[in-house]
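# Examination of the molecular architecture
Spelled out, the chains give:
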Amino acid sequence: MCGNNMSVPLPAIVPAARKATAAVIFLHGLGDTGHGWAEGFAGIRLPHVKYICPHAPTMPVSLNMRMSMPSWFDIYGLSPDASEDEAGIKRASENLKALIDQEVKNGIPSHRILLGGFSQGGALSLYTALTTQQKLAGVVALSCWLPLRSSFPQASANSVNKDMHVFQCHGDADPLVPFVFGSQTAEKMKSLINPNNITFKSYRGLPHSACPEEMVDVKRFIEKQLPPITDV
């Protein structure tokens, strides 16, 4: 991480049980930290995968009366027509790309790195995957939306991830990020990348949170996109 994020603590990491040949970088939601998600991934870990759960910097958030809390970028509202923190989203995306580069330097090729996130973190993961020049394994997007969606398809014109796989999940009882916002996001994504590679799954009665059934589905998706590499 660079710039004003130097004070952010190092990510919570679930190391691979053996040599790491793949990585999942998963971003938490507004007001949270990476620790809880690291614990969640420890429960569904694959032995060859390293799980990296960074912590967002603390900043005032307009949505919450300018109270300071961990946040990847400022949020003004959670409806499809809310204005957005374009500069903050782009800055956070560059920081995430730097984190991907760091893992590539550590020996894990970018096409073996899967991005993911919950809510605001999922939003940032989708945006970054569509705008990066790094070829990725895919995205796990939980209870989230695509930021700056009116900037697409132009923003993703040069994307190397047109055929990436996306697993998008949303609770149909979400009171914060409305379910319809999630389903609209899935439709938008289908216009930007190969629609056959997008899975949108709803969870009956699930509010703005994750659930065990969803985490099992996430594990299956990671297993499929990041299979173990067998020595030749």
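The structure we're discussing is the one just above.
Report follows, based on the coordinates. (Residues numbered from 1 in each chain as written. Predicted model: local features only at pLDDT ≥ 70, side-chain atom pairs only at ≥ 80, totals over all residues. Heavy atoms only, no water.)

So, about unusual backbone geometry. Across the chain, the bulk of peptide bonds are trans and the bulk of non-glycine residues have phi less than zero. Note that the residue after F152, namely P153, is joined by a cis bond; omega there is 10°. In this fold, P153 is placed in the loop between strand 7 (138-142) and strand 8 (165-171). Residues other than glycine seldom take positive phi values, yet M65 does so here, at roughly 55°. Here M65 lies in the loop between strand 4 (58-61) and strand 5 (67-70). For S143, which is not glycine, the phi dihedral falls at a positive 50°. (Helix = DSSP H or I, 4+ residues; strand = E, 2+ residues; numbered from the N terminus.)

Of all the 6 residues making up strand 2 (residues 22-27), 6 are buried; the element is thus mostly covered by neighbouring parts of the structure. Along strand 2, one buried face is formed by A22, V24 and F26 and the opposite face, lined by A23, I25 and L27, is buried too. Both strand 2 and strand 6 (residues 113-118) contribute to a ladder of 5 bridges, which runs parallel. Its bridge partner lying in strand 6, A23 is registered against I113. (Buried < 20%, exposed > 50% of the residue type's maximum accessible area, 1.4 Å probe, protein only. Pairing = 2+ DSSP bridges.)

Okay, the environment of L130 next. In this fold, L130 is placed in helix 3 (residues 120-131). Remark: the alpha-carbon pair of L130 and S110, spanning 20 residues in sequence, is separated by 14 Å. Discounting residues that sit within four places of it in the chain, L130 has contacts with L146, F152, A155, S156, S159, M164, M189, L192 and I193. (Contact = heavy atoms within 4.5 Å.)

Here we come to the pairing of strand 9 (residues 198-203). Where a strand is regular, its side chains alternate between the two sheet faces. For strand 8 and strand 9, the ladder comprises 6 bridges, and the chain directions are parallel. Following the sheet pairing, Q168 is matched in strand 9 by F200. Regarding topology, helix 4 (residues 179-192) serves as the crossover connection from strand 8 to the parallel strand 9, and that connection is right-handed. (Right-handed = clockwise from strand over helix to strand, strands pointing away.)

Below, the discussion takes up the pattern of salt bridges. Evaluated as defined, the whole model comprises 8 salt bridges. With a shortest N-O distance of 2.7 Å, K201 and D217 are connected by a salt bridge. With K201 in strand 9 and D217 in helix 5 (residues 212-225), this pair connects stretches of sequence that are 16 residues apart. Overall, the relative accessible area of 10% leaves D217 in the buried class. Residues joined by salt bridges that share partners form a network here, namely K201, E213, D217 and R220. (Salt bridge = Lys/Arg side-chain N within 4 Å of Asp/Glu carboxyl O.)

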